[in-house]
Amino acid sequence: MKINYHKSAISLISILLLVAVFLTSCKKLREINYDPEVEPLRHGIKTSAAIGYCASLAAAYFNGAEMPGNVTIISSKKGAQSDGVIMEAELNNSYPLPFNSDGGQIFIAGLWNGNGGIITALFTDIDIVEAKYKLKCIHTIPVSEELDGHLMTLFAGQDVIIGNGSDTLLNLNMSVAQINLEMDRLGADILTDPYVIVQQNVWFINIDPNNTYSNVYDDEYTINGGGQIAEVLSTSEGVLYHAMINTKIVYSTCNINPISGVGFIQNLKVGTKIDLGDIFLSFHDECDGKAYCDAALGKYLTSTNQNVNLNLY
């Protein structure tokens, strides 16, 4: 039998090329086929909800509203310059912490002067962020009553204590000048560029009490901000950041996902500014625990036009 070595060689080369293309394609596919990593976004939603809850309870007390059944006033004072309170909120099935825990306690201290004040909080037996990162305290943060009846508060990365907390945070003793200095933080601009927001480590929370200070569960929180509550590493050895723009959460409407707004996640290579992948999410009011991925880049490219589980619970 006569063998055509030339044709056989060409066939072999063709097969090898196809195999190489296939292997290269598989490698390329793996590089863009990472599942969305939403852990930092969960941190932002959970922490914002916890701080919004504390701000709502403090504002309810200082506005003379009837306090919810799970709240005990430990001490209060009337001062010439500011009023003060320390309260305990017992969390259970009937009175859960929105988007967080149905067990544990929160101790909240507040000073109020006119239409706003300063609060701090200590969390016990509550896993607010994740099992790996336990949010224990928040430092002094400002709360302002706006002309439209809403509340405005904010927190920065340095205001959040991960790990061991101290009950000395409840010993608030601030002058009017110190209170005003904290309140000035609320005058900062609210940004809308997600690529800038992720580097700011500041979260603004606008709270609409719906004219029911006594019912904190129908409050509407609108969150703008981002950065990191705790450092999260991605499966691709990057550092994950998040941003939220006009992200609205209403616990009484849906307790497993935000009902509107935009979420953003960025994966930066450790120690550099190299962007490994971005995820752009839109929230909806279907209350299915998911968000829609409008666009994804880099590592997450194949997640575009997919629903993403937020896993808030």
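Residues numbered from 1 in each chain as written. Predicted model: local features only at pLDDT ≥ 70, side-chain atom pairs only at ≥ 80, totals over all residues. Heavy atoms only, no water.

1. Things to note about the overall build of the protein chain
Along the protein chain, the regular secondary structure elements total 4 helices and 14 strands. Across the 313 residues of the protein chain, 49% fall into the buried class. Within the protein chain, counting contacts between residues at least 6 apart in sequence, those at least 24 apart form 58% of the total. Element-wise, carbon and sulfur atoms account for 52% of the exposed surface of the protein chain, whose accessible area totals about 14,900 Å². (Helix = DSSP H or I, 4+ residues; strand = E, 2+ residues; numbered from the N terminus. Buried < 20%, exposed > 50% of the residue type's maximum accessible area, 1.4 Å probe, protein only. Contact = heavy atoms within 4.5 Å. Areas by Shrake-Rupley, 256 points an atom, 1.4 Å probe, with all protein chains shown as cover.)

2. Let's talk about unusual backbone geometry
Look at Asn 201: it is not a glycine, yet its phi comes out positive at around 55 degrees. When you line up the elements, Asn 201 lands in the loop between helix 4 (194-197) and strand 8 (202-208). At Asn 311, a residue that is not glycine, the phi angle is positive and equals roughly 55 degrees. Here Asn 311 is to be found in the segment after strand 14 (307-309). On the basis of relative accessible area, Asn 311 is assigned to the partly exposed category, the value being 47%.

3. Notes on the nonpolar core
Grouped together as the largest cluster of nonpolar side chains are 64 residues, with contacts concentrated most on Tyr 53, Leu 57, Ile 106 and Phe 123. When sequence neighbours within four positions are dropped, the list of residues in contact with Tyr 53 reads Asn 70, Ala 89, Leu 91, Pro 96, Leu 97, Pro 98, Ile 106, Val 216, Tyr 217 and Tyr 221. Of all hydrophobic cores here, the second largest spans 16 residues; its members include Leu 111, Leu 154, Ile 179 and Phe 204. (Core = buried A, V, L, I, M, F, W, Y, C linked by side-chain atoms within 4.5 Å.)

4. Overview of helix 3 (residues 176-183)
Residues of helix 3 that are buried: Ile 179, Glu 182 and Met 183. For helix 3, the angular spread of buried residues about the axis comes to 100 degrees, placing them on one side. Among the exposed residues of helix 3, those pointing more than 90 degrees away from its buried face are Ala 177 and Leu 181. Considering only its buried residues, helix 3 is in contact with strand 3 (104-112), strand 4 (116-124) and strand 5 (135-145). (Arc of directions from axis to C-beta.)

5. As for the state of the cysteines
Under the criterion given, the structure shown has 1 disulfide. In this model Cys 254 forms its disulfide with Cys 287; the gap between the sulfur atoms is 2.2 Å. Judged by the torsion about the S-S bond (95 degrees), the Cys 254/Cys 287 disulfide is right-handed. Of this pair, Cys 254 sits in the loop between strand 10 (238-249) and strand 11 (260-269) while Cys 287 sits in the loop between strand 12 (275-282) and strand 13 (290-298), and the two are 33 residues apart along the sequence. Assessed through its relative accessible area of 1%, Cys 254 is described here as buried. Cys 287 gets classed as partly exposed once you look at its relative accessible area, which sits at 30%. (Disulfide = S-S within 2.5 Å.)

6. As for the pattern of salt bridges
Tallied over the entire structure, the rule returns 4 salt bridges. The residue Arg 185 makes a salt bridge to Asp 159 at a minimum N-O spacing of 2.5 Å. Residue Arg 185 is located in the loop between helix 3 and helix 4, and its partner Asp 159 is located in the loop between strand 6 (151-156) and strand 7 (160-162); the two are separated by 26 residues in the primary sequence. One salt bridge connects Glu 182 with Arg 185, and the closest N-O pair in it is separated by 2.9 Å. A single salt-bridge network, built from bridges that share partners, covers Asp 159, Glu 182 and Arg 185. (Salt bridge = Lys/Arg side-chain N within 4 Å of Asp/Glu carboxyl O.)

7. Focus on the environment of Asp 288
Tracing the backbone shows Asp 288 in the loop between strand 12 and strand 13. Along the primary structure Asp 288 and Asn 257 are separated by 31 residues, whereas in three dimensions their C-alpha atoms are 7.2 Å apart. Setting aside residues up to four positions removed in sequence, Asp 288 forms contacts with Ile 256 and Asn 257.

8. What about helix 2 (residues 39-62)?
The end-to-end C-alpha distance of helix 2, which contains 24 residues, comes to 35 Å, matching closely the 34 Å that a straight helix rising 1.5 Å per residue would cover. By the criterion of burial, helix 2 is predominantly enclosed, with 22 of the 24 residues buried. Two residues or fewer after helix 2 comes Gly 64, characterised by a positive phi angle close to 75 degrees. (Expected span 1.5 Å × (residues − 1).)

9. Thoughts on the packing of aromatic side chains
This structure, assessed with the given rule, holds 9 aromatic pairs. Ring centres of Tyr 61 and Phe 62 lie 5.1 Å apart, and the angle between their planes is 80 degrees; on these two criteria the pair is classed as edge-to-face. Judged by its relative accessible area of 18%, Phe 62 is buried. Both rings, one in Phe 264 and one in Phe 280, keep their centres 4.9 Å apart while their planes meet at 45 degrees; by these two values the pair is tilted. Separated by 16 residues along the polypeptide, Phe 264 in strand 11 and Phe 280 in strand 12 bring together distant segments of the chain. (Phe/Tyr/Trp six-rings, centres within 6.5 Å; stacked < 30°, edge-to-face > 60°.)

10. Brief notes about the confidence of the model for the protein chain
Overall, the predicted model of the protein chain reaches an average pLDDT of 88, with 88% of residues at or above 70. Confidence drops under a pLDDT of 50 for residues 16-29, and excluding neighbours within four residues, the segment shows 1 contact in the predicted structure. (pLDDT = per-residue confidence, 0-100.)

11. Some thoughts on the environment of Ile 205
Within the element layout of this structure, Ile 205 appears in strand 8. Here Ile 205 falls in the buried class, since its relative accessible area comes to 0%. The spatial distance from the C-alpha of Ile 205 to the C-alpha of Ala 49 is 8.8 Å, given a sequence separation of 156 residues. The contacts of Ile 205, once residues within four sequence positions are left out, are Ser 48, Ile 51, Gly 52, Leu 151, Met 152, Thr 153, Phe 155, Tyr 221 and Thr 222.

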